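An overview of the molecular structure
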Amino acid sequence: MDKLVILAFSLTHFFIFPLGFFVNGANSASIASCTQTPYPDVCNYYMGNSVNVAAQLDQTQFSFRDVAIQVTLNQAVQAHRLISSMDSSSFDERAKLAWNDCLELYEDTIHHLNQSTSTNNPIDSQTWLSAATANHQTCQNGFIDFNLASHLQNLPPMLGNFTKLISNSLAINKAAIVASSSSHTSFAKQVGNRRLLSDGFPAWLSAADRKLLQTTGAPKADIVVAQDGSGHFKTITEAVAAAGGGKRTVIYVKGGVYKESVDIKRSAKNIMLIGDGIDATIVTGSKNAQTTTTFRSATVGVSGDGFVARDITFENTAGPQKHQAVAFRSGSDFSVFYRCSFKGYQDTLYVYSQRQFYRDCDIYGTVDFIFGDAVAVFQNCNIYIRRPMSGQKNSVTAQGRTDPNENTGIIIHNSRVTAASDMRAVQGSFKSYLGRPWQKYSRTVFMKSTLDGLIDREGWLPWSGSFALSTLYYAEYMNTGAGASTSGRVKWGGYHVISAAEAGKFTVGNFLAGSAWIPGTGVPFDAGL
């Protein structure tokens, strides 16, 4: 907390110049004044009035983008301080749970905004600004999940302006990506060589990580977890607590059923969990939204960047009657999941935020069971639709993009959507869809995947009335199978059957810039279509 207070103090004293001092002289095509932002009044209020800009172009090294993000960071620090100082004594237990989420999420937002101010790569910034947007939304969702929307008025009123500041920052930063020729260069560097390495693995993982993911048998591990006492620890939680700060730490989890809730904090970076195989090493829990927030219901939740998991099953056994019950939540940037299984019903896999890659994984669920606001690509995965409760409709995805300038989306490539064993005999009794729009700019693409006959001919399900139907982006490209025909699909403004050129934007190499980081993990991937 002390660091946050110091930061707030220094930033408050930083903003003593008129906005005219801070413009992007390098490229006039990028956003260089408040009038070009989505919320110009909020921009002007927090950043001063843009006067006599041209005359002051060379007086500072700070660009308009830099200052917009700094102002947003300053407000995030203030928001965190105000939320921390709220009197929560009148809150009931559920409201306290949601409030605690907000505290952690705003601390995380400060981290992301700090990252955004200290990088020259606007693509990274867009990821982190999008994560800040997800955090702000999730803070509110905690209260809404518990039907405590009235408690939101207890939160600092400045949070309404904060969401607009993030939106402005996203727009300004995106313009920097589009307009700046140097950003195209950095993007090319980030994407790197799109061809696969000779061993079938891509280029963003280190050679050492690649070897680890290709090894057969027991890996060479830094820490061993075994319930029979033959390792260093008996629980995964203890092993994570003992992991070093920052360097790759390989935790080998021997076969067994581990009944625990694992929370891998932001400070625990570069953790690699390796099990003995799907359904051999199982981490299980049963938390659900009837007793905690959806965010906190995860059996395993990860915030530390660079997380990798291989050959493990993560499950939530709460069952369909408990509604939202997360098996796994990832807010880990550059996280990778290889030969893993995720089992639950509603909200099984929370692709919460930042860049994530899933290869050769199995995902089981009923309602919205792949959901969240990450930059997430699924490749060569099996998606199993389970039997829901009576009267329910299944939806594979519920993507959570709340701002049109976020770089997030759920991309399902070269995968298979089919009925789980409990659904096969009854699939005619339930309707199943590829997704529904959780938020206004929900974005999901299915490409070159096999869609079995249980997928309804309309393909996609509304969330509520006409909400988001013209603002969402749902697309299909060259899918096959009995449920893949697009002739009877929804006629929404935001639904598209796309070309190869458009589909190429959503490949691992482009959408995820995966060639720059996945090879280091050793997970095989296809950079292109």
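Just so you know, the residues in each chain are numbered from 1, in the order the chain's sequence is written. Whole-chain, interface and lining totals are the exception, using all residues; otherwise, since this is a predicted model, local features are given only for residues with pLDDT of at least 70 and side-chain atom pairs are given and counted only at 80 or more. Only heavy atoms go into the side-chain values, all of them from the structure, while hydrogens and water stay out.

With an unreviewed UniProt entry as reference, the protein is termed Pectinesterase, source organism Hibiscus trionum. Note on the protein: under the UniProt heading Pathway (unreviewed entry), the record states "Glycan metabolism; pectin degradation; 2-dehydro-3-deoxy-D-gluconate from pectin: step 1/5." UniProt positions are given in the numbering used here, feature names are shortened, and annotations may be inferred rather than shown by experiment. According to UniProt, the comment filed for the protein under the heading Function (unreviewed entry) is "Acts in the modification of cell walls via demethylesterification of cell wall pectin."

Think of it in three bands: residues with accessible area under 20% of the maximum for their type are buried, residues over 50% are exposed, and the middle band is partly exposed, with areas taken using a 1.4 Å probe on protein chains only. Helical segments are the DSSP runs of H or I of at least four residues, strand segments are the runs of E of at least two, and each set is numbered from the N terminus. For strand β23 (residues 443-447), the buried fraction is high: 5 of the 5 residues fall into the buried class. Sheet topology places β23 next to strand β25 (residues 473-477); 5 bridges connect them, and they run parallel. Each residue of the ladder has a partner; that of F446, found in β25, is E476. Two strands qualify as a pair provided DSSP detects at least 2 bridges between them.

The subject of this paragraph is the side chain of E260. If you trace the backbone, E260 turns up in the loop between β3 (256-259) and β4 (262-264). Charge convention: Lys and Arg are scored as positive, Asp and Glu as negative, and His as well as the terminal groups of each chain are ignored. Any carboxyl oxygen of Asp or Glu within 4 Å of a side-chain nitrogen of Lys or Arg constitutes a salt bridge here. Buried charge E260 goes without a salt bridge, the closest partner of opposite sign being K287 at 11 Å. Residue contacts are counted whenever heavy atoms from the two residues lie within 4.5 Å of one another. Leave out the neighbours within four places in its chain, and E260 touches T235, I236, T237, V283, T284 and T299.

Applying the stated criterion across every chain yields a total of 18 salt bridges. In this structure, D452 and R416 form a salt bridge, with 3.2 Å as the shortest nitrogen-oxygen distance. Of the two residues, D452 sits in the loop between β24 (450-451) and β25 while R416 sits in strand β21 (residues 416-419), which places them 36 residues apart along the sequence. D452 sits in the buried class, given a relative accessible area of 18%. On the accessibility criterion, R416 (39% relative accessible area) is partly exposed. Residues participating in the shared-partner salt-bridge network are D101, E104, D263, K265 and R296.

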